[in-house]
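Residue-level listing of the chains:
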Amino acid sequence: MVSTVCTRCRRREAFYLRESSGEALCKQCFMKSIEEKFIRNIREYDMIKYGDSIGVAVSGGKDSLVLLRLLIKNLKKPPLTYVERILVFTVDEELEYSKHKLERVTYIRQLCEKYGIEYRIYTISSIIGVSVQEVYDKLREKGKNINMCTICGVFRRRVMNEIARREGLTKIMTAHNLDDDAQTVLLNVFSNDLKRFKWFGPITGEDVENFVPRIKPLRNIREEEIAIYAYLTGTPMLERECPYVRNNPRYLLKFLLADLERKNPNIKYMIVSFGDSLSNLLKEVKYFERKIKTGKCSICGMPTTGDICRTCELIRDAGLLDKYLLAKRD
Ligand SMILES: [Zn+2]
Ligand SMILES: [Zn+2]
């Protein structure tokens, strides 16, 4: 390969070609560009306001560890300096694979200690009274063919919200990247689920009662670039992938999007941008406001577009509602 000079600093040798923008970047400029994107997204979308208390969801996967590193890197920059409190937390799904992810806990704890950031670990069963495995097994027993990832995802999101409410957090920062959000758009389209676009964007769930809004400062960064950033910064990566990943509907989309991207390097950006436009449209058009009304779950009172929320639906179908309600009362 002929060596190319970095298009930013025009001094060092480039090592990465960012096809979406045509830039050729050296290691330093590449890392700087990722670090700048993080803080620029927070500022541009007004993700953090004065006095916010921010929960940072760090699972131990590479995206979440990069999120933590970027947060630390930008800790002394506004608006992060206006933050009342930062709580980094890990949700333990108590599955076999979770043990592998939890191997990163020492790394997370050491980083947090070094920079004086609070860190805690919560198990799903201690927060909602039933475990992911229990619900999965019971649903299987009843002949319901459901993905582990569906249950795990629904419960993890619920637990994050519960932690935030208990701790008085005003926002939850997550490591969703461009690939995740492009997949989400396609999944919503494939399942003909227009309603879900109401919950799409750089900030979701604002002004929804009982719901702590999510902010996603990595959502315009491609997963590949996050992996490269992780590599360059010596961030540990997980060796094994989740055993359920192949049944996850997102798995197939990963390859489909990679294929499409070869022909159009901007395709993921375009899909996400389309999702954002649709989301903004839904928020503005009165017709949809009536049609997609967020109500309260008749069992737990959490926001939902149906009669009961997904968490309660899964637990009810598994026949574990009594156990769950008992734990809720305590
Ligand atoms: Zn450079
Ligand atoms: Zn519910």
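Below, the structure is looked at part by part. (Residues numbered from 1 in each chain as written. Chains lettered and ligands numbered in written order. Predicted model: local features only at pLDDT ≥ 70, side-chain atom pairs only at ≥ 80, totals over all residues.)

## So, the overall build of the protein chain
For the protein chain, the helix and strand inventory stands at 14 helices and ten strands. Computed over its C-alpha atoms, the radius of gyration of the protein chain comes to 20 Å, within 12% of the 20 Å expected for a compact globule of 330 residues. The dimensions of the protein chain, computed from C-alpha atoms along their principal axes, are 65 × 45 × 40 Å. Across the 330 residues in the protein chain, those meeting the buried criterion constitute 31%. Of the contacts made within the protein chain by residues no fewer than 6 positions apart, 72% connect residues no fewer than 24 positions apart. (Helix = DSSP H or I, 4+ residues; strand = E, 2+ residues; numbered from the N terminus. Rg over C-alpha atoms; globule rule 2.2 N^0.38 Å. Buried ≥ 20, exposed ≤ 12 C-beta atoms within 10 Å, placed from the backbone. Contact = placed C-beta atoms within 7 Å.)

## Some remarks on the sheet that holds strand β8 (residues 214-215)
Pairing between the strands of a sheet is mediated by backbone hydrogen bonds and can be parallel or antiparallel. Pairing in this open sheet of six strands is mixed, and the strands run β5-β4-β3-β6-β8-β7 from one edge to the other. Across the chains shown, the open sheet's two edge strands, defined by having one partner strand only, are β5 (118-123) and β7 (203-204). Sheet contacts for helix α2 (residues 62-73): β3 (53-57), β4 (85-92) and β6 (171-173); angle to β3, the most-contacted strand, approximately 145°. On the sheet, helix α7 (residues 148-167) packs against β3, β4, β5 and β6 and is oriented at approximately 145° with respect to β4. (Pairing = 2+ DSSP bridges. Axes fitted to C-alpha atoms, helices over the stretch in contact; angles between N-to-C directions.)

## Let's talk about unusual backbone geometry
Following Pro78, the chain continues to Pro79 via a peptide bond in cis, the omega torsion being 5°. Following the sequence through the fold, Pro79 ends up in the loop between α2 and β4. In this structure, Glu94 takes a positive phi of about 60° despite not being glycine. Inspection of the secondary structure assignment puts Glu94 in the loop between β4 and α3 (96-101). The backbone of Asp207 sits at a positive phi, close to 60°, despite the residue not being glycine.

## Description of the packing of α7 against helix α13 (residues 310-317)
Close contact between α7 and α13 brings their axes to 9 Å; oriented N to C, the two are set at 130°. Of the possible angle classes, the one that applies to α7 and α13 is oblique. The chirality of how α7 crosses α13 is left-handed. Seen from α7, the contacting residues are Ile151, Val154, Phe155 and Arg158; seen from α13, they are Arg310, Thr311 and Leu314. Among the residues forming the contact of α7 with α13, the class breakdown is four nonpolar, one polar and two charged. (Parallel < 35°, antiparallel > 145°, perpendicular 65-115°, else oblique. Left-handed = near helix turned anticlockwise from the far one by under 90°. Nonpolar A, V, L, I, M, F, W, Y, C, P; charged D, E, K, R; others polar.)

## Focus on the nonpolar core
Counting 65 residues, the largest nonpolar core has Val56, Leu67, Val88 and Val135 as its most contacted members. Broken down by element, this core gets its largest block of residues, eight residues, from α7. With residues near it in sequence (within four places) discarded, Val88 still touches Val56, Val58, Leu68, Ile108, Cys112, Ile117, Glu118 and Tyr119. (Core = buried A, V, L, I, M, F, W, Y, C linked by C-beta atoms within 7 Å.)

## Looking at the environment of Lys323
Relative to the helices and strands, Lys323 is located in helix α14 (residues 321-329). Separated by 193 residues in sequence, Lys323 and Val130 place their C-alpha atoms 7.2 Å apart. In this structure, Lys323 is in contact with Gly129 and Val130, ignoring residues within four places of it in sequence.

## With respect to the pairing of β3
Here β3 lies mainly inside the structure; four of its five residues are buried. In the sheet, β3 pairs with β4 via five bridges, with the strands oriented parallel. Each residue of the ladder has a partner; that of Ile54, found in β4, is Ile86. The handedness of the β3 to β4 crossover, carried by α2, is right-handed. Two elements, β3 and β6, share three bridges in a ladder whose sense is parallel. Its bridge partner being in β6, Val56 is matched across the sheet by Met173. (Right-handed = clockwise from strand over helix to strand, strands pointing away.)

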